[in-house]
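Descriptive structure summary
For reference, the chains in residue letters:
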Amino acid sequence: MTMRQARADLEKHRNAIVRSLGLRGLSTPQRGDEVDRAVDDLERTVAVETKAVRLGRLVLIEMALNRLVLGEYGICLGCEKPIAPARLRAIPWADRCVHCQEMLELEAQANRGSAKRRRAVDADDGDEAPKHLEPDLQHFTDMKESD
Ligand SMILES: [Zn+2]
């Protein structure tokens, strides 16, 4: 896959998303040309995706176009090795090789788990607060308990 193909692919996907979101003004091809027809097909596919998915992908596409300009397109952000051409053909906005993408997803899952555990520990610490109460406040809590 050449850089020119990659750019055409990314712009095709971008145009489909931009149009489906009702946005205007980004490099819209002339009516009736080959890219336009490809975008029309893609638009029908894109239209059934949720707006959140489309917006998220649009960001990834813009980032991929930036990497093209910088000459960093197709290089994995994780291991800095070339991403497999077949992967880039399937997902032109991919920024990681299959291996690094999997590692990233496993890491994200693990982080979600440990964040939950951290919140549980914080809640336990909160239970020790009454020890530090001033004497008059302690009296107040005693009264409440005898109630
Ligand atoms: Zn990698």
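What counts and how
Residues numbered from 1 in each chain as written. Predicted model: local features only at pLDDT ≥ 70, side-chain atom pairs only at ≥ 80, totals over all residues. Helix = DSSP H or I, 4+ residues; strand = E, 2+ residues; numbered from the N terminus. Buried ≥ 20, exposed ≤ 12 C-beta atoms within 10 Å, placed from the backbone. Contact = placed C-beta atoms within 7 Å. Axes fitted to C-alpha atoms, helices over the stretch in contact; angles between N-to-C directions. Parallel < 35°, antiparallel > 145°, perpendicular 65-115°, else oblique. Left-handed = near helix turned anticlockwise from the far one by under 90°. Nonpolar A, V, L, I, M, F, W, Y, C, P; charged D, E, K, R; others polar. Core = buried A, V, L, I, M, F, W, Y, C linked by C-beta atoms within 7 Å. pLDDT = per-residue confidence, 0-100.

Further remarks concern the overall build of the chain. Across its full length, the chain holds six helices and zero strands. Taken across its 147 residues, the chain has 13% of its residues classed as buried. Considering only contacts in the chain between residues 6 or more positions apart, those separated by 24 or more positions represent 56%.

Pairs of packed helices are described in terms of their axes, by the angle between the two and the distance that separates them. Running from amino to carboxyl end, helix α1 (residues 3-20) crosses helix α3 (residues 51-70) at an angle of 150°, the nearest separation of the two axes being 10 Å. Judged by the angle between their axes, α1 and α3 are roughly antiparallel. Note on packing geometry: the crossing formed by α1 with α3 is left-handed. Every residue of α3 that contacts α1 at Met3, Ala6, Arg7, Leu10, His13, Arg14, Ile17 and Ser20 is listed here: Arg54, Arg57, Leu58, Ile61, Ala64, Leu65 and Leu68. Residues that form the contact of α1 with α3 fall into these classes: nine nonpolar, two polar and four charged.

This next bit is on the nonpolar core. One finds Ala6, Leu10, Ile61, Ala64, Tyr73 and Trp93 forming the largest nonpolar core, which totals six residues. Elements represented by at least two residues in this core include exactly α1 and α3. Excluding residues within four positions of it along the chain, Tyr73 makes contact with Met3, Ala6, Ala64, Arg67 and Leu68. In this structure, Ala16, Ile17, Val39 and Val46 belong to the second largest nonpolar core, which totals five residues.

Next up on the list: the environment of Met63. Within the secondary structure, Met63 sits in helix α3. In the structure, Met63 is positioned 30 residues away from Trp93 in sequence and 7.8 Å away in space, judged by C-alpha atoms.

We now examine unusual backbone geometry. Although it is not a glycine, Glu80 adopts a positive phi angle of roughly 60°. Structurally, Glu80 is set in the loop between α3 and α4 (85-90). Taking the number of C-beta atoms within 10 Å as the measure of exposure, Glu80 has 10 and is therefore exposed.

Before going further, it helps to spend a moment on the packing of α1 against helix α2 (residues 34-47). At a closest axis distance of 8 Å, the pairing of α1 and α2 adopts a crossing angle of 55°. Between α1 and α2, the crossing angle belongs to the class labelled oblique. Here α1 runs over α2; the crossing is right-handed. From α1, Lys12, His13, Asn15, Ala16, Ile17, Arg19 and Ser20 reach across to α2, where they touch Val35, Ala38, Val39, Leu42, Glu43, Val46 and Ala47.

Mean pLDDT over the chain: 80, with 71% of residues reaching 70 or higher. The secondary structure element of the chain with the lowest average pLDDT is helix α6 (residues 135-146), at 52, and the one with the highest is α4, at 95.

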